Amino acid sequence: MVTVAVLTYTVDHVRADSGVKVMPLGDSITDGFNVPGGYRIDLWQKVVAGGYAVDFVGSGTNGPASLGDRNHEGHSGWRIDQIDANIVGWLNTYQPRTILLHIGTNDISQNRDLPNAPNRLAALIDRITTTAPQTKLFVATIVPLSFADAQVRSFNAAIPQIVRSRADAGRQVYLVDMYSALTTADLADGVHPNATGYSKMATTWYNALLAVPGSLTEGGTPTPTATPPTTGPTPPPTTPPATTPPATAGCTAAVSLNSWNGGFVATVRVTAGSSGTTGWTVGATLPSGAAISNSWNTERSGNSGAVTFTNVSYNGRIAAGQSTEFGFQASGSGTGMTPTCTAR
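Because the structure is predicted, anything quoted here is derived from the model rather than measured.

Undergrad: What am I meant to see in unusual backbone geometry here?
TA: Note: most peptide bonds trans; most residues except glycine with negative phi. Phi at Gln 95 takes a positive value of approximately 45°, unusual for a residue other than glycine. Along the chain, Gln 95 falls in the loop between α4 (80-94) and β5 (98-102). Overall, the relative accessible area of 57% leaves Gln 95 in the exposed class. A positive phi angle, near 40°, is found at Asp 113, a position not held by glycine. Take Asp 113: it is sitting in the loop between α5 (105-109) and α6 (117-131). Judged by relative accessible area, which is 39%, Asp 113 ranks as partly exposed.

The following block contains the structure:
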């Protein structure tokens, strides 16, 4: 039994060293506090099972034997500015094709100039995309904190627009909705995920990676054993709504809300019917007092009352029975909003 385990570990490492370089980047959540290896354990298993050859890279090393590649760039206690101060050296040393960035938790827990935390994140994103323009950068909203939910929501609410503006400028930056994937029940100590929480993070990362051709392969086409994405080059938020409607001949839309006192973020899933779509339009009437401040993965007409959302260039074509998602942030309440969908 010992011989088998050693051989399996060796094979994984041979495969990893010849694979696409992926850098898990962040703080102790990337390192895997409470569960050494953290989300990287299940993410590794998923990419291997999917037929991808991946090489995790970074100056850190930890995790169990079931984690075939233990390298990472997660630093316990670090804030955005500390990652920013070191990122150029890491990029030059490891030259990752793909980066998984989850950072900002310690800015909040240390109460480090929170109004400017989104600006620091934007500067970090700009440094990465300028230093390594060919690298695909996945930027996650941070997971919940049991003692600072309002601060987390405020920080996370700024991220979609930061990412979208860079993507619109042609940079390879993609949003990952990690906050919605976990709840405080998935935290071991109010800050760091437990094993279940880390597993949910792994699933969310993996789904986002599958949505972007070339993030896990040398070219734009996945290996035959992997499931290719069905949507365009910018991954939508990865948490499904509470209810996904059945497919019809046209399309359907369902909304899930992350609400707080005075505002909410809505994630809308558009599902194609039996004929697929070449484009779609979603209509919704916002409750009285609600007003949209920003949106992503869609073109929007209106900010309050009756609002219309249409596809953008990369997410209008949906195969039969498949889905894409867009989202928006608004003040007020979204309770009772019922979107409708029209396919083209």
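Undergrad: Would you take a moment to explain the packing of α6 against helix α7 (residues 149-168) for this structure?
TA: Each packed pair of helices is defined by two parameters, the angle between the axes and the distance between the axes. Where α6 contacts α7, the two axes come as close as 10 Å, and the packing angle between them is 30°. By the angle between their axes, α6 is roughly parallel relative to α7. Considering only the axes of α6 and α7, their crossing is right-handed. Listed contacts from α7 to Ala 117, Pro 118, Leu 121, Ala 122, Ile 125 and Asp 126 of α6 are Phe 155, Ala 158, Ile 159, Ile 162 and Arg 166. The class makeup of the residues in the contact of α6 with α7 is nine nonpolar, no polar and two charged.

Undergrad: Whenever I open this one, the sheet that holds strand β10 (residues 280-285) confuses me. Can you help?
TA: The pairing of strands in a sheet happens through backbone hydrogen bonds and is either parallel or antiparallel. The strand order across the open sheet formed by four strands is β12-β13-β10-β15, and the pairing between neighbours is antiparallel. The sheet is open, and its two borders are formed by β12 (299-301) and β15 (340-343), each paired with just one other strand. The mean angle between the axes of side-by-side strands here comes to 20°, regardless of whether they run parallel or antiparallel. Two strands pair when backbone bridges link them, and β12 and strand β13 (residues 306-310) are joined in this way by three bridges, in the antiparallel orientation. Counterpart to Glu 299 in the pairing with β13 is Thr 310.

Undergrad: Looking at this structure, I do not really get empty space enclosed by the protein. What am I missing?
TA: Gaps left between atoms show up when a probe the size of a water molecule is rolled over them. Following the criterion strictly, the structure yields two cavities of 30 Å³ or more and no others. Along the walls of the largest cavity sit 16 residues, with Thr 141, Asn 156, Ala 157, Asp 177 and Val 265 positioned nearest its centre. Of all the elements in the fold, those that place two or more residues in the lining of the largest cavity are α7, β8 (251-260) and β9 (263-272). Here the residues of the lining of the largest cavity are counted per class, giving eight nonpolar, six polar and two charged.

Undergrad: Teacher, can you tell me more about the sheet that holds strand β14 (residues 323-331) here?
TA: Pairing is antiparallel across the open sheet formed by four strands, whose spatial order is β8-β9-β14-β11. In this open sheet, the two strands that pair with only one neighbour each are β8 and β11 (291-296). Across the sheet, the axes of successive neighbouring strands diverge by a mean angle of 25°, strand direction being ignored. Looking at chain direction, β9 and β14 are connected through nine bridges and run antiparallel. The residue bridging Thr 271 from the neighbouring strand is Ser 323, located in β14.

Undergrad: What am I meant to see in α4 here?
TA: Two residues of an α-helix separated by three or four positions point the same way, owing to the 3.6 residues in each turn. Its 15 residues place the ends of α4 20 Å apart at the C-alpha level, agreeing with the 21 Å of an ideal helix rising 1.5 Å per residue. The sharpest bend along α4 comes to roughly 45°, located at Asn 86. Regarding α4, the residues found buried are Ile 80, Ile 83, Asp 84, Ile 87, Trp 90, Leu 91 and Tyr 94. Its buried side turned inward, α4 meets β1 (20-26), β4 (71-74), β5, α5, α6 and α7.

What counts, and where the lines are drawn
- Residues numbered from 1 in each chain as written.
- Predicted model: local features only at pLDDT ≥ 70, side-chain atom pairs only at ≥ 80, totals over all residues.
- Heavy atoms only, no water.
- Helix = DSSP H or I, 4+ residues; strand = E, 2+ residues; numbered from the N terminus.
- Buried < 20%, exposed > 50% of the residue type's maximum accessible area, 1.4 Å probe, protein only.
- Axes fitted to C-alpha atoms, helices over the stretch in contact; angles between N-to-C directions.
- Parallel < 35°, antiparallel > 145°, perpendicular 65-115°, else oblique.
- Left-handed = near helix turned anticlockwise from the far one by under 90°.
- Contact = heavy atoms within 4.5 Å.
- Nonpolar A, V, L, I, M, F, W, Y, C, P; charged D, E, K, R; others polar.
- Pairing = 2+ DSSP bridges.
- 1 Å grid on protein atoms, 1.4 Å probe; cavity = no way out; pocket = protein on both sides within 12 Å on 5 of 7 lines; lining within 4 Å.
- Points joined across faces, edges and corners; volume = space filled by probe spheres on them.
- Expected span 1.5 Å × (residues − 1).
- Bend = angle between axes of the 7 residues up to and from the residue.

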